[in-house]
Amino acid sequence: MFQFLLLGLLAGAGAWGTEYFENYYNEIDVDDEQAEVKTRNAMSSPRQLWPSTRIYYRIASDCSPEEVANVHTALATFNEQSCLQFEELTGPAPPGSRYVYYKKSEKLCGTRIGYNPLPVFGSGSHDVLLSPKCMAVPGIIQHETLHLLGLYHEQSRPDRDDHVVIDYDNIPRKYWPQFMATSSSTTTTYDVPYDFESVMHYPKNAFATDPSKPTIRALVDGVPMEREMGQTVGPTEGDLFKIRKMYKCDLTA
Ligand SMILES: [Zn+2]
């Protein structure tokens, strides 16, 4: 618990420390007082790119063969459909490099947004926390991986108010920061149309006090309408396009 409290405080205090903890399967109890700290995020952080398209990673040794296979499946999508190359470490990380560390967590799923610059002379891990339920779904592992590559949630886009309405009456006040939009001065949509199917979109009842009612509704001709949104199958073409643009992949290939 202390570790996450500390992470949360650092995320709130640090200019670079935007950190998301997900609420898949409602594993974060909306009545948990500490959850506010766990889920805080700062929206002022500029997007930070990894310095190379070759990204090293490691999977915690206490993961089951199925969980290891799910991480491999998740990352194969990026290796096959973008110019990124995730490469599993079999020994120590090369000096001066940061690597992604997929590790188990009892309940939390989450990671930091974007690349965390290394201290001078430093090296180290970029942790992705995955509960057993999150570890069981390659689409969720991909969601977290897209965060660390630099993507925010789709419903946080600067232009989201043209596409969705947030029903704050059904969201505990301490979770309102989860529904803030990012600024167009720090994030870009790469002109990708708003994507309700994005693997980065919250479901319609995320963080709901009453999960039978939506917290996010779609604007259809200016009228708020309930509809399905988000999914955990995997990245959409729009999600992948953003990554290809961010990392300057050859878009004609
Ligand atoms: Zn997320």
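Residues numbered from 1 in each chain as written. Predicted model: local features only at pLDDT ≥ 70, side-chain atom pairs only at ≥ 80, totals over all residues. Heavy atoms only, no water.

Q: What exactly am I supposed to notice about the nonpolar core here?
A: General note: in soluble globular proteins, nonpolar side chains tend to be found buried as a group. Phe86, Tyr102 and Leu149 are the most contacted members of the largest nonpolar core, which has 35 residues in total. Mapped by element, the contributors of at least two residues to this core are strand S2 (54-59), helix H3 (65-81), strand S4 (98-104), strand S6 (124-130), helix H4 (132-135), helix H5 (138-149) and helix H6 (237-246). Counting residues per element, this core draws most heavily on H5, which supplies 5 residues. Taken domain by domain, the makeup of this core includes at least three residues from each of domain 1 (2-154 + 241-246) and domain 2 (155-225). (Core = buried A, V, L, I, M, F, W, Y, C linked by side-chain atoms within 4.5 Å. Buried < 20%, exposed > 50% of the residue type's maximum accessible area, 1.4 Å probe, protein only. Helix = DSSP H or I, 4+ residues; strand = E, 2+ residues; numbered from the N terminus. Domains from an automatic or database assignment.)

Q: Explanation requested: the state of the cysteines in the structure shown.
A: Covalent bonding between the sulfur atoms of two cysteines is what defines a disulfide. A full pass over the atoms with the stated rule returns 2 disulfides. Residue pairing for cysteine 83: its cysteine sulfur links by disulfide to cysteine 249, the two sulfurs lying 2.0 Å apart. Across the disulfide from cysteine 83 to cysteine 249, rotation about the S-S bond amounts to roughly -75°, and the bridge is consequently left-handed. In this pair, cysteine 83 sits in the loop between H3 and strand S3 (85-88) while cysteine 249 sits in the segment after H6, placing the two residues 166 residues apart along the sequence. The disulfide partner of cysteine 109 is cysteine 134, and the S-S distance across this bridge is 2.1 Å. As the torsion about the S-S bond is roughly 95°, the cysteine 109-cysteine 134 disulfide counts as right-handed. With cysteine 109 in the loop between S4 and strand S5 (110-112) and cysteine 134 in helix H4, this pair connects stretches of sequence that are 25 residues apart. For cysteine 134, a relative accessible area of 0% corresponds to the buried category. Disulfides within the protein link the bonded cysteines, taken in sequence order, as 1-4, 2-3. (Disulfide = S-S within 2.5 Å.)

Q: Can you walk me through the packing of aromatic side chains in this structure?
A: Ring pairs (aromatic) are described by centroid distance and by the angle formed between their planes. Considering all chains together, one arrives at 10 aromatic pairs under this definition. Judged by centre distance (6.1 Å) and plane angle (80°), the rings of tyrosine 57 and tyrosine 102 are edge-to-face. In this pair, tyrosine 57 is assigned in strand S2 and tyrosine 102 in strand S4, connecting sequence segments 45 residues apart. In terms of burial, tyrosine 57 and tyrosine 102 fall into one category: buried. Members of the aromatic cluster, joined through ring pairs, are Tyr175, Phe179, Tyr202 and Phe207. When the ring centre of tyrosine 99 is taken as reference, the NZ or CZ atom of arginine 58 above it lies at 5.0 Å. (Phe/Tyr/Trp six-rings, centres within 6.5 Å; stacked < 30°, edge-to-face > 60°. Lys NZ or Arg CZ within 6 Å of the ring centre and 35° of its normal.)

Q: Which parts of the structure should I look at to understand the pattern of salt bridges?
A: Between side chains of opposite charge, a pair can form when the charged atoms approach closely. Under the criterion given, the structure shown has 13 salt bridges. Lysine 242 serves as the salt-bridge partner of glutamate 154, at 2.8 Å between the closest nitrogen and oxygen. With glutamate 154 in the loop between H5 and strand S7 (164-166) and lysine 242 in helix H6, the pair connects residues that are 88 residues apart, well separated along the chain. Pair check on accessibility: glutamate 154 and lysine 242 agree, each one buried. (Salt bridge = Lys/Arg side-chain N within 4 Å of Asp/Glu carboxyl O.)

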